[in-house]
Amino acid sequence: MTVAAAVASGWANVRGLLPARADVVAMGRQPRRDLLAGLTVAVVALPLALGFGVSSGMGAAAGLATAIVAGLLAALFGGSNLQVSGPTGAMTVVLVPIVHRFGPGGVLTVGLLAGVVLVMLAVARAGQFVRYVPMPVVEGFTLGIAAVILLQQVPAALGVTPPHGDKVTVVAWRAVLVFVHHPHWPAIGLAVGVAALMLLGARWRPGIPFSLLAVVAATGIAQVTHLDVARIGTLPATLPVPSLGFLHPDAVPALFTAALAVAALAALESLLSATVADGMTVDQRHDPDRELFGQGLANLVTPLFGGVPATAAIARTAVNVRSGARSRLAAITHAVTLLVIMLVAAPLVSHIPLAALAGVLLATAIRMVEVGSLFVLARATRSDALILVLTAVATLALDLIAAVGIGLALACLAAIRKISRSVRLEQVAVDVADHHVAEQALLAEHIVAYRIDGPLFFAAAHRFLLELSEVADVRVLILRMSRVSVIDATGAMVLRDAVDRLEKRGITVLMSGVTPPIEKALEATGILGHLRTNGRIHADTPQAINAARSHLHHTGVLPAPRGSATLDAV
């Protein structure tokens, strides 16, 4: 390939990730529905953005800046027409230890590096691989995240200063101990009241934004009664001027590992959210590589405005779809609406009690858990139930990326185990209907045929060797290979060893129906050349049976047929 051709190919690859004219056309088809949907999502997103900003340790202003900047850029450059992006609970779980170790500058550096990684994944067209994440891993991951988010809210809900600690379970337990010694009932009353109103209201009237109503009510009660509760505090009246002063060049190597975890989480959550959005519609399909590109750009720019790493939000995306959104205009409207709120209503937002936001996130964590899906997976198979539980426990005890890795490893082992059990070595009857009755009995006594069904790979190879080596004492064994779907190097070498063992026992081995993919693997081991040299490879089973009969005649096991002077050996 010439340099010009390589450059043209690379530009075509990048151009496929950029917004197209069709995106603009789609935004003009039903603008009224999109504008209303965007306003609805903004109302739902406001308390969540503030709450996740506080929960991450970066403050409410960082959460709001993330919802605005990342929400706008991901809507413009992402691969889904319906996706809504911003700060999420899953991301806060990753960010809390980074804040504790490196401070706010470390979080912003991690976001910038994660954006670079996501753009590289998009250019490498890696978006398609998310489809290989099995459902037990996803559900276990979600359950673990919900538990972590719930535990993170314990200090604010109890009205105590968050105790020191890296593990969320330890911090929550210490907060409970502080509360027991110094109870603070107004805070817990606000948190429980907001959470209850959200959960009950969603069941009564799903279309009403009870999260915002509950926060407004809690803020009003706190103001009127002068409750002694912690509040969000002063918010900036505008987005900060872009700056690179937060970068930590010396800490970049240490932060790069954290950035990989953030990028992996952003990619996983965004692509899963886009898949959910597709499932809620009839005519919408996302581009996974464009989605990674959009999330990458969002995470590259958001840190410049003081925001935290962002990803697509499944809950806000679902609200967007249910509100009638049809194009990117809805998500853009959501971001612009939040910007207007920051510019106009920042003084009012600063009075919101932290306990009220904790209540919003408590309800959000509870609603994240799909109990029906958990029961289905738990009853499906024991391996699925085990993968779900261990992924959830790993999410709570370790970290999100380790949890996904453990879940995927367990899922792979379970899949390999199931596939290996599907491989069958089955003895089949030798079709000798065209022979005389006496010869049929002799052939059946000295010839045995085995059919191999399924993939012959490393997990099943040694069981196959054991079964084949225990074949009864016969003169000729026919291996019917036409139903072998896949064979790897281990399977080919084990097959070679089995043939060697049988030949040492004086059993002649024939093969029939060897397909080209299987033939290539067997050639590498030398067994195919050995059998072909001796005339023991046949196109189909009838040819192999005739060759076996000729061999038995030649060796004197069967009497020579009339009129035949000589017979070639197999």
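Residues numbered from 1 in each chain as written. Predicted model: local features only at pLDDT ≥ 70, side-chain atom pairs only at ≥ 80, totals over all residues. Heavy atoms only, no water.

Caption draft 1: Broad picture of the overall build of the protein chain. A tally of regular secondary structure across the protein chain gives 24 helices and eight strands. Counting every position in the protein chain, which comprises 570 residues, the buried fraction comes to 50%. In the protein chain, of all internal contacts separated by at least 6 residues, the share reaching a separation of at least 24 is 82%. Total accessible area computed for the protein chain in this model is approximately 26,400 Å², and 65% of it derives from carbon and sulfur atoms. (Helix = DSSP H or I, 4+ residues; strand = E, 2+ residues; numbered from the N terminus. Buried < 20%, exposed > 50% of the residue type's maximum accessible area, 1.4 Å probe, protein only. Contact = heavy atoms within 4.5 Å. Areas by Shrake-Rupley, 256 points an atom, 1.4 Å probe, with all protein chains shown as cover.)

Caption draft 2: Focus on helix H5 (residues 89-123). Between its terminal C-alpha atoms H5 stretches only 27 Å, short of the 51 Å expected from 35 residues at 1.5 Å a residue. The principal kink in H5, of about 125°, is found at Phe-102, preceding the proline Pro-104 by one to four residues. Of all 35 residues that make up H5, 26 are buried, and the element is covered over most of its length. Directly after H5, the chain includes Arg-125, whose backbone phi takes a positive value near 60°. (Expected span 1.5 Å × (residues − 1). Bend = angle between axes of the 7 residues up to and from the residue.)

Caption draft 3: Region of interest: unusual backbone geometry. Phi at Arg-125 is positive, roughly 60°, even though this residue is not glycine. With respect to the secondary-structure elements, Arg-125 resides in the loop between H5 and helix H6 (135-152).

Caption draft 4: The arrangement of a nonpolar patch on the surface in detail. Residues Leu-72, Leu-76, Val-336, Val-340, Leu-343 and Val-344 make up a contiguous nonpolar surface patch of roughly 480 Å² in combined accessible area. Every element with two or more residues in the nonpolar patch is listed here: helix H4 (60-77) and helix H14 (329-349). With four residues, H14 is the largest single contributor of residues to the nonpolar patch. Along the chain, Leu-72 falls in helix H4. The exposure class of Leu-72 is partly exposed, given its relative accessible area of 31%. (Patch = residues over 30% accessible without salt bridge, like charges linked within 9 Å, V, L, I, M, F, W, Y side chains within 5 Å. Salt bridge = Lys/Arg side-chain N within 4 Å of Asp/Glu carboxyl O.)

Caption draft 5: Fine view of the pairing of strand E7 (residues 508-512). Burial analysis of E7 places five of its five residues in the buried class, the great majority of the element. When strand E5 (residues 476-480) meets E7, the two strands line up parallel, connected through five bridges. From the neighbouring strand, Leu-479 faces E7, where its bridge partner is Met-511. As paired strands, E7 and strand E8 (residues 537-538) are joined by two bridges and run parallel to one another. Counterpart to Met-511 in the pairing with E8 is Ile-537. (Pairing = 2+ DSSP bridges.)

Caption draft 6: Broad picture of the environment of Leu-329. Among the structural elements, Leu-329 can be located in helix H14. Its relative accessible area of 18% is what places Leu-329 among the buried residues. It is 5.5 Å that separates the C-alpha atoms of Leu-329 and Met-27, two residues lying 302 residues apart in sequence. Here Leu-329 is in contact with Met-27, Pro-31, Asp-34 and Leu-35, once residues within four sequence places are set aside.

Caption draft 7: Geometry of the packing of aromatic side chains. For the coordinates displayed, the defined rule picks out two aromatic pairs. Arranged with centres 5.2 Å apart and planes meeting at 85°, the rings of Phe-179 and Trp-185 form a pair that is edge-to-face. Ring centres of Trp-204 and Phe-210 lie 6.3 Å apart, and the angle between their planes is 50°; this geometry places the pair in the tilted category. Given a relative accessible area of 10%, Phe-210 falls into the buried group. (Phe/Tyr/Trp six-rings, centres within 6.5 Å; stacked < 30°, edge-to-face > 60°.)

Caption draft 8: Quick look at a positive patch on the surface. Together, Arg-382, Arg-417, Lys-418 and Arg-421 make up a region of like positive charge exposed at the surface. When residues of the positive patch are assigned to their parent elements, the largest contribution, three residues, is made by helix H18 (residues 400-422). Counting through the fold element by element, Arg-417 comes out in helix H18. On the accessibility criterion, Arg-417 (48% relative accessible area) is partly exposed. (Lys, Arg positive; Asp, Glu negative; His and termini not counted. Charge placed at Lys NZ, Arg CZ, Asp CG, Glu CD.)

Caption draft 9: Quick look at the nonpolar core. Judged by nonpolar contacts, the single largest core of 88 residues is most densely connected at Leu-50, Ile-232, Leu-338 and Ile-352. For this core, the leading source of residues is H5, giving 16 residues. Discounting chain neighbours no more than four positions away, the residues touching Ile-232 are Leu-50, Ala-60, Val-349, Ser-350, Ile-352, Leu-354 and Leu-357. Counting residues in hydrophobic clusters, the runner-up holds 32 residues, among them Leu-468, Val-484, Ile-507 and Leu-522. (Core = buried A, V, L, I, M, F, W, Y, C linked by side-chain atoms within 4.5 Å.)

Caption draft 10: Inspection of the pattern of salt bridges at higher detail. Considering all chains together, one arrives at eight salt bridges under this definition. The closest approach of N and O atoms between Arg-328 and Asp-23, which form a salt bridge, is 3.5 Å. Taken as a pair, Arg-328 in the loop between helix H13 (314-322) and H14 and Asp-23 in helix H2 (residues 21-27) lie far apart in primary sequence, 305 residues in all. A salt bridge links Arg-536 to Glu-503; its shortest N-O distance comes to 2.6 Å. One end of the pair, Arg-536, is in the loop between helix H23 (527-533) and E8; the other, Glu-503, is in helix H21 (residues 489-504), and 33 residues separate them in sequence. A relative accessible area of 13% means that Arg-536 is categorised as buried.

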